[in-house]
Amino acid sequence: KHLSSQFDHDLNALCSKLLAMGGLVEQQVIDSIKAFSKMDLSLVNQVIEQERNVNNFELEIDSSCTELIARRQPTARDLRLVMAVSKAITNLERAGDEADRIARRTKHIIEDSASHSINTAEIRLAGQMAISLLRRSLDCFARLDTKVAAEVVNEDKQIDEEFRAFVRKLTSYMAEDPR
């Protein structure tokens, strides 16, 4: 608690906006993986439309961070929290960009009628891992749980290794069958 209840309100509002943006990005990632798995063009278009909302959230929260720093001049723990929010929204926006990229590539696959030749199982698995990691990240932020945050960082390294293995396998398949 701070002497200024308005400052507490502003910090809580900032964190709430970040969690709302995180929920939107999480849904965008879920929908992009689902759209890819089912080759669902309407879901693809929904993910692409959501990208504008994610970008607007980032701008709004970034502006709120700047305003909070300028008006309240937070120190120590509060400043670290505001800076963490600022960095987190950048990463969330990038995750939204990736979901948008998945949707756009899925759209090309559907339009090229190439969906029958794609095994989506490994990509779905990687997507589920990423969604779980995002969900846990948002949860540990909401609870300010540093122990779970450290676990999430380690899990992120596992996902990176899974991705590298997938790329190696895909490269081998492409070398065997260039089509």
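Residues numbered from 1 in each chain as written. Predicted model: local features only at pLDDT ≥ 70, side-chain atom pairs only at ≥ 80, totals over all residues. Heavy atoms only, no water.

Asks: Could you give an account of the overall build of the protein, with specific residues and numbers?
Replies: Counting its secondary structure elements, the protein contains five helices and zero strands. What you see in the protein, going N to C, is helices and strands ordered as α-α-α-α-α. Taken over the C-alpha atoms alone, the protein extends approximately 65 × 30 × 20 Å along its principal axes. Across the protein, every contact between residues at least 6 apart in sequence was considered, and the portion connecting residues at least 24 apart equals 79%. With the model as given, the accessible surface of the protein reaches about 11,300 Å², and the carbon-plus-sulfur share is 54%. (Helix = DSSP H or I, 4+ residues; strand = E, 2+ residues; numbered from the N terminus. Contact = heavy atoms within 4.5 Å. Areas by Shrake-Rupley, 256 points an atom, 1.4 Å probe, with all protein chains shown as cover.)

Asks: Provide a residue-level description of the confidence of the model for the protein, including the pertinent values.
Replies: Per-chain confidence: the protein averages 91 in pLDDT, with 96% of residues scoring 70 or above. Looking at the elements of the protein, mean pLDDT is at its lowest for helix H5 (residues 146-176), recorded as 85, and at its highest for helix H2 (residues 41-72), recorded as 96. (pLDDT = per-residue confidence, 0-100.)

Asks: Could you give an account of the side chain of Ser32, naming the residues involved and the relevant values?
Replies: Following the sequence through the fold, Ser32 ends up in helix H1 (residues 5-38). Relative accessible area serves as the criterion here: at 0%, Ser32 is assigned to the buried category. Setting aside chain neighbours within four positions, we find Ser32 in contact with Val47, Ala99, Ile102 and Ala103. (Buried < 20%, exposed > 50% of the residue type's maximum accessible area, 1.4 Å probe, protein only.)

Asks: Tell me what's going on with unusual backbone geometry, and back it up with residues and numbers.
Replies: In this model, Gln73 sits at a positive phi of 45°, which is unusual for a non-glycine residue. Positionally, Gln73 belongs in the loop between H2 and helix H3 (76-111). Positive phi values are uncommon outside glycine, yet Ala76 reaches one of about 45°.

Asks: Any details on helix H4 (residues 121-143)? Residues and values, ideally.
Replies: Since there are 3.6 residues in each turn of an α-helix, residues three or four apart along the chain are aligned in direction. For H4, built from 23 residues, the straight-helix expectation of 33 Å at 1.5 Å per residue is met to within 8% by its first-to-last C-alpha distance of 33 Å. Gly127, Ile131, Leu133, Leu134, Leu138, Cys140 and Phe141 are the residues of H4 that are buried. After H4 finishes, the residue Leu144 shows a positive phi value of roughly 50°. (Expected span 1.5 Å × (residues − 1).)

Asks: So, the nonpolar core: which residues are in play, and what are the values?
Replies: Counting 30 residues, the largest nonpolar core has Leu14, Met21, Val25, Ile61 and Val85 as the members making the most contacts within it. Taken together, the elements giving at least two residues each to this core come down to H1, H2, H3 and H4. Looking at this core element by element, the count peaks at eleven residues for H1. Residues within four places of Leu14 in sequence aside, it is in contact with Ile61, Ser64, Cys65, Leu68, Val82 and Val85. Grouped together as the second largest cluster of nonpolar side chains are five residues, Leu133, Cys140, Val152 and Ile159 included. (Core = buried A, V, L, I, M, F, W, Y, C linked by side-chain atoms within 4.5 Å.)

Asks: Now, about the pattern of salt bridges: what can you tell me, with residues and values included?
Replies: Side-chain pairs of opposite charge can arise whenever the charged atoms involved come near each other. Going through the model one piece at a time under the given rule, you end up with 15 salt bridges. We note a salt bridge from Glu60 to Lys17, for which the minimum N-O separation is 3.6 Å. Here the residue Glu60 occupies a position in helix H2, and Lys17 occupies one in helix H1, the gap between them amounting to 43 residues. A cluster of three or more residues bridged by salt bridges with shared partners is formed by Asp10, Glu67, Arg71 and Arg72. (Salt bridge = Lys/Arg side-chain N within 4 Å of Asp/Glu carboxyl O.)

Asks: Could you give me a rundown of the packing of H1 against H4, with the residues and numbers involved?
Replies: How two helices pack is summed up by the angle between their axes together with the distance between the axes. At a minimum axis separation of 10 Å, H1 and H4 run at an interaxial angle of 170°. It follows from the interaxial angle that H1 and H4 lie roughly antiparallel. Two secondary-structure elements touch here, H1 through Cys15, Leu18, Leu19, Gly22, Gly23, Val25, Glu26, Val29, Ile30, Ile33, Phe36 and Ser37 and H4 through Ile123, Arg124, Gly127, Ile131, Leu134, Arg135, Leu138, Phe141 and Ala142. Tallied by class, the residues present in the contact of H1 with H4 amount to 14 nonpolar, four polar and three charged. (Axes fitted to C-alpha atoms, helices over the stretch in contact; angles between N-to-C directions. Parallel < 35°, antiparallel > 145°, perpendicular 65-115°, else oblique. Nonpolar A, V, L, I, M, F, W, Y, C, P; charged D, E, K, R; others polar.)

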